[in-house]
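Read off the chains here:
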Amino acid sequence: MSRAAIRYAKAVLSLAQDKKATEDVQKDMQSIIATVDKSAELKMVLNSPLIKSEVKLASLREIFKGTGDITKKLFETLIQNKRVDLLAEVAKQYTVLYDQLNNTRIAKVTTAIPLDKALSEKVLAKVKELTGSQATLENIVDESIIGGFILRVGDLQYNASIANKLTTLKRELSN
């Protein structure tokens, strides 16, 4: 993560707090992250030195026409400072700062099959019990763990997967 992206994200958060729009800007940032991640063409446009700044700005305004004024101002600032290639990084850093501000953490749960609503709520309750803070859940599906789950919250990891238990058992038997 670049220092510049962190600085821009802090500035956007500060402005959003002043205007009492942190939640709206958070939605915009999540939209930017998702869109840039999915679109190789958009990444290429943002990173290309051959495409004029006006074209980049017009493209961003068109793609993200539902965004608020603060986000549109961010586009303009990044274009003026020739740092528009940092847009996705700034958006990711903003979401991190937003979560810290609201004492929310991201819990990554790896399961063999997608989590249903009831199980998601149980996992979130357990995360709150363990960390004392709210969490947003990110479910990663990985069939190689066979069953069970792997929970990661920040530096904390709890591995209750069948694959892990089999590996442990194999290690014990070989000793």
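All figures in this text were calculated on a predicted structure; none of them were measured in a lab.

**What about the overall build of the protein?**
Then, in step 1: When helices and strands are counted, the protein shows eight helices and four strands.
Then, in step 2: When the helices and strands of the protein are read in sequence order from the N terminus, they spell out α-α-α-α-α-α-β-α-β-β-β-α.
Then, in step 3: Relative to its length of 175 residues, the protein is extended, with a C-alpha radius of gyration of 20 Å against a globular reference of 16 Å.
Then, in step 4: For the protein, the proportion of its 175 residues judged to be buried stands at 36%.
Then, in step 5: Partitioning the contacts of the protein with sequence separation of at least 6, the portion at a separation of at least 24 is 67%.
Then, in step 6: Taking the 27 positively charged and 21 negatively charged side chains of the protein as two groups, their mean positions are separated by 4 Å.

**Brief notes about a positive patch on the surface**
Then, in step 1: Where like charges cluster on the molecular surface, the positive patch consists of Arg3, Arg7, Lys10 and Arg83.
Then, in step 2: Its location among the elements puts arginine 7 in helix H1 (residues 3-18).
Then, in step 3: For arginine 7, a relative accessible area of 55% puts it in the exposed group.

**Some points on the environment of leucine 101**
Then, in step 1: Its place among the elements puts leucine 101 in helix H6 (residues 87-101).
Then, in step 2: Judged by its relative accessible area of 41%, leucine 101 falls in the partly exposed class.
Then, in step 3: C-alpha of leucine 101 to C-alpha of alanine 40: the two residues are 61 residues apart in sequence and 31 Å apart in space.
Then, in step 4: The contacts of leucine 101, once residues within four sequence positions are left out, are Leu13, Gln17 and Thr22.

**Observations regarding the packing of aromatic side chains**
Then, in step 1: Evaluation of the coordinates by the stated rule reveals three aromatic pairs.
Then, in step 2: Ring centres 5.7 Å apart and planes at 40° place the aromatic pair phenylalanine 64 and phenylalanine 75 in the tilted group. Of the two residues, phenylalanine 64 is situated in the loop between helix H4 (53-63) and helix H5 (69-80) and phenylalanine 75 in helix H5; the sequence distance between them amounts to eleven residues. No difference in accessibility class separates phenylalanine 64 from phenylalanine 75, as the two residues are buried.
Then, in step 3: Their ring planes at 40° and their centres at 5.9 Å tell us that phenylalanine 149 and tyrosine 158 sit as a pair that is tilted.

**Topic: the pattern of salt bridges**
Then, in step 1: Evaluation of the coordinates by the stated rule reveals six salt bridges.
Then, in step 2: The salt bridge involving lysine 126 is made with glutamate 129; its shortest N-O contact spans 3.2 Å. One end of the pair is lysine 126 and the other is glutamate 129, both in helix H7 (residues 117-131) and three residues apart, which spans about a single turn.
Then, in step 3: Owing to a relative accessible area of 59%, glutamate 129 belongs among the exposed residues under this scheme.
Then, in step 4: Through salt bridges with shared partners, a single ionic network connects Arg61, Lys73 and Glu76.

Cut-offs and rules
Residues numbered from 1 in each chain as written. Predicted model: local features only at pLDDT ≥ 70, side-chain atom pairs only at ≥ 80, totals over all residues. Heavy atoms only, no water. Helix = DSSP H or I, 4+ residues; strand = E, 2+ residues; numbered from the N terminus. Rg over C-alpha atoms; globule rule 2.2 N^0.38 Å. Buried < 20%, exposed > 50% of the residue type's maximum accessible area, 1.4 Å probe, protein only. Contact = heavy atoms within 4.5 Å. Lys, Arg positive; Asp, Glu negative; His and termini not counted. Charge placed at Lys NZ, Arg CZ, Asp CG, Glu CD. Patch = residues over 30% accessible without salt bridge, like charges linked within 9 Å, V, L, I, M, F, W, Y side chains within 5 Å. Areas by Shrake-Rupley, 256 points an atom, 1.4 Å probe, with all protein chains shown as cover. Salt bridge = Lys/Arg side-chain N within 4 Å of Asp/Glu carboxyl O. Phe/Tyr/Trp six-rings, centres within 6.5 Å; stacked < 30°, edge-to-face > 60°.

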